[in-house]
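# Chain and residue survey
Given next are the chains, with one letter for each unit.
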There are 2 protein chains.
Amino acid sequence: MGRGRRPSAEVRREVLAAAGRLLLAEGMSRFTMERVAAESGASKVTLYKMWPSKGALALEGYFATVETVLELPDTGDVEADLRTQLHAFVDLLSTTSAGPVMAGLIGQAQTDPELMTAYRASYSAPRRALAVGRMTTARDLGQLRADLDPETVVDQLWGACYHRLLVPDQPLDARFADALIDNLFRGIAAWKAEDASLSRRARER
Amino acid sequence: MGRGRRPSAEVRREVLAAAGRLLLAEGMSRFTMERVAAESGASKVTLYKMWPSKGALALEGYFATVETVLELPDTGDVEADLRTQLHAFVDLLSTTSAGPVMAGLIGQAQTDPELMTAYRASYSAPRRALAVGRMTTARDLGQLRADLDPETVVDQLWGACYHRLLVPDQPLDARFADALIDNLFRGIAAWKAEDASLSRRARER
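Everything quoted here is computed from the prediction, not taken from an experiment.

## Regarding the overall build of chain A
Scanning chain A for helices and strands turns up ten helices and zero strands. Expressed along its principal axes, the backbone C-alpha trace of chain A runs to roughly 75 × 35 × 25 Å. Looking at chain A as a whole, 49% of its 205 residues are labelled buried. Total accessible area on chain A stands at roughly 9600 Å², and carbon and sulfur atoms take up 54% of it.

Here is the structure:
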């Protein structure tokens, strides 16, 4: 006796969960439509109706799975929120197989234009938009410089982490995440730090 | 009549120049030991004596060729020097085939541990060391925050550019290079900019 027919939103959710689990547990090289079908109870025909390729399914499954971990909190303090999220991101990349999986996907996408398109459409562009939206709000509230382009901050926080992931000359760890935030919020010039502490003292008086 | 026997330092220099030219003109997929031999006048045997693989030769040739373009000036003003160099770097990546070549090398290195080792040893680590050395000097001269880790700035300047090169969601151009420097030297928080301009006005009085 087979299971009853499930609504397609439910099937979709279960397939994505199975795909994300499989990808994080075993990496892209062992990721096949057959195995996702077996794990999720959906047929291969159903999978190919919903996703054009295993790359597209893997990406969407990964995104669905890590979405909660990578949530950007909104406490009203944009520096604290970015710091919290960046710690979760670095932790995901450095302690789960998300790190090798993402490095493999970005690497493969350099010679596979369809994978690049899928990666950008289903992962990097929406993640970028989330962060930019949050920083734009903070900028409009006067927490960030009025002339700041939030897109550039994406490359100096998450992009900097991808750089250490892809070319591991230096460790990708919590200390690095903190330094990235500090460099942007405190500035790296010596006189800024002095000004900031002078002005903080002035305000405290 | 063959040419007379050349000193090996000269051969080495000519082979590297030929390798760099070939790589930048036609990319990695058309790069072969045969073609470098033909272009440089050295024999394939000589090439294999000097470099273990075509990847190693390509990298060293690239490095030798772009070394002058990517020189980090030393005018005594670290912000101006980093800005000058970053403009040259972005220009190289976005207007020559250095961009696709580097993206292809980093991409391929994700599944080729020997290429990764060669890339790090002959390109990314020495480039990183140059920048870190310059920033360490500037920090010791009091131009950069005393508690700054210069390694992290490498990822927030050049790493941010590699991020846009590898995942081209946003343009890699001169405006981006300027924003990266501004974000780090001015900070991204609104109150820093105010403090800085207040303190600049105070100093000007």
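## Here's the deal with the relation of the copies chain B and chain A
Relative to chain A, chain B is turned by 180 degrees and slid 0.0 Å along the rotation axis, the superposed coordinates differing by an RMSD of 0.0 Å. Those values place the two copies in the arrangement expected of a two-fold rotation axis. Mapped onto chain A, 100% of the interface residues of chain B again fall at the interface, so both copies present the same surface.

## Considering the pattern of salt bridges
Across all of its chains, the model carries 34 salt bridges over all chains by this definition. Ionic pairing is found between Arg83 of chain A and Asp182 of chain A, a salt bridge with its closest N-O pair at 2.9 Å. Within this pair, whereas Arg83 of chain A is found in helix α5 (residues 78-95), its partner Asp182 of chain A is found in helix α9 (residues 174-186), the two being separated by 99 residues in sequence. Exposure remark for Arg83 of chain A: the relative accessible area of 21% places this residue in the partly exposed category. The shortest N-O distance in the salt bridge between Asp81 of chain B and Arg134 of chain B comes to 2.3 Å. You can see Asp81 of chain B sitting in helix α5 (residues 78-95) and its partner Arg134 of chain B sitting in helix α7 (residues 113-140), a full 53 residues away along the chain. The burial state of Asp81 of chain B is the same as that of Arg134 of chain B; both residues are buried. Through salt bridges with shared partners, a single network forms among Arg120, Arg128, Glu151 and Asp155 of chain A together with Arg164 and Asp169 of chain B.

## Observations concerning the packing of helix α6 (residues 98-109) of chain B against helix α8 (residues 150-166) of chain B
Residues and elements named next belong to chain B. Interaxial distance between α6 and α8 falls to 10 Å at its minimum, and their mutual angle equals 90 degrees. In terms of their interaxial angle, α6 and α8 are classed as roughly perpendicular. For the pair α6 and α8, the contacting residues are Gly99, Met102, Ala103 and Ile106 in the first and Tyr162, Leu165 and Leu166 in the second.

## Brief notes about the interface of chain B and chain A
Frequently, the measure chosen for interface size is the accessible area that the parts lose on association. Facing the 51 residues of chain B at the interface are 52 residues of chain A. Taking both partners together, chain B and chain A bury about 4800 Å²; carbon and sulfur atoms supply 55% of that area. The three residues of chain B that bury the most area against chain A are Arg145, Gln156 and Ile188 of chain B, which together make up 16% of that side's buried surface. For Arg128 of chain B, the salt bridge goes to Asp169 of chain A, with nearest N and O atoms at 3.9 Å.

## Quick notes on the side chain of Gln156 of chain A
Its place among the elements puts Gln156 of chain A in helix α8 (residues 150-166). Look at Gln156 of chain A and you get buried, because its relative accessible area is 0%. Within the structure, Gln156 of chain A has its side chain in polar contact with the backbone oxygen of Leu180 of chain B (distance 3.1 Å). Once you skip the residues sitting within four places of it in the chain, Gln156 of chain A turns out to touch Leu180 and Leu184 of chain A together with Gln156, Ala160, Leu180, Asn183 and Leu184 of chain B.

## Thoughts on the layout of surface pockets
Residues and elements named next belong to chain A. Looking at the largest pocket, its volume works out to about 530 Å³. Met28, Val101, Gly104, Leu105 and Gln108 are the residues nearest the centre of the largest pocket, which is lined by 25 residues in total. Taken together, the elements giving at least two residues each to the lining of the largest pocket come down to α4 (54-66), α6 (98-109) and α7 (113-140). Counting residues per element, the lining of the largest pocket draws most heavily on α6, at eight residues. Looking at side-chain class alone, the lining of the largest pocket contains eleven nonpolar, eleven polar and three charged residues.

## Description of the nonpolar core
If you look at the biggest cluster of nonpolar residues, it comprises 130 residues, and the most contacted ones within it are Leu57 of chain A together with Leu57 of chain B. If near-sequence neighbours (up to four positions away) are discounted, Leu57 of chain B is found in contact with Val15, Leu16, Ala19, Phe31, Met33, Val36, Leu47 and Trp51 of chain B.

## Overview of helix α2 (residues 33-40) of chain B
All names here are of chain B. Within the sequence span of α2, burial applies to Met33, Val36, Ala37 and Ser40. Looking straight down α2, one finds that the buried residues subtend no more than 100 degrees of arc, so they occupy a single side. Buried residues along α2 sit in contact with α1 (8-26), α3 (44-50) and α4 (54-66). Following α2 by one or two positions, Gly41 has its phi on the positive side, about 80 degrees.

## Focus: the UniProt feature "DNA-binding region" (unreviewed entry) in chain A
The sites that UniProt annotates as "DNA-binding region" (unreviewed entry) are residues 32-51 of chain A. For residues 32-51 of chain A, the end-to-end C-alpha separation is 13 Å, with 75% helix and 0% strand making up the annotated structure.

## Some points on the environment of Val45 of chain B
Residues and elements named next belong to chain B. Counting through the fold element by element, Val45 comes out in helix α3. Taking relative accessible area as the criterion, Val45 reaches 57% and is therefore assigned exposed. Along the sequence, Val45 and Met33 sit twelve residues apart, while their C-alpha atoms lie 9.7 Å from each other.

Each value, and the rule that gives it
- Residues numbered from 1 in each chain as written.
- Chains lettered and ligands numbered in written order.
- Predicted model: local features only at pLDDT ≥ 70, side-chain atom pairs only at ≥ 80, totals over all residues.
- Heavy atoms only, no water.
- Helix = DSSP H or I, 4+ residues; strand = E, 2+ residues; numbered from the N terminus.
- Buried < 20%, exposed > 50% of the residue type's maximum accessible area, 1.4 Å probe, protein only.
- Areas by Shrake-Rupley, 256 points an atom, 1.4 Å probe, with all protein chains shown as cover.
- Least-squares fit on C-alpha atoms with pLDDT ≥ 70 in both.
- Contact = heavy atoms within 4.5 Å.
- Salt bridge = Lys/Arg side-chain N within 4 Å of Asp/Glu carboxyl O.
- Axes fitted to C-alpha atoms, helices over the stretch in contact; angles between N-to-C directions.
- Parallel < 35°, antiparallel > 145°, perpendicular 65-115°, else oblique.
- Buried area = accessible area lost by both parts, 1.4 Å probe.
- Polar contact = N/O pair within 3.5 Å; in protein donor to acceptor, adjacent residues only side chain to side chain.
- 1 Å grid on protein atoms, 1.4 Å probe; cavity = no way out; pocket = protein on both sides within 12 Å on 5 of 7 lines; lining within 4 Å.
- Points joined across faces, edges and corners; volume = space filled by probe spheres on them.
- Nonpolar A, V, L, I, M, F, W, Y, C, P; charged D, E, K, R; others polar.
- Core = buried A, V, L, I, M, F, W, Y, C linked by side-chain atoms within 4.5 Å.
- Arc of directions from axis to C-beta.
- UniProt positions renumbered as here; feature names shortened; annotations may be inferred.

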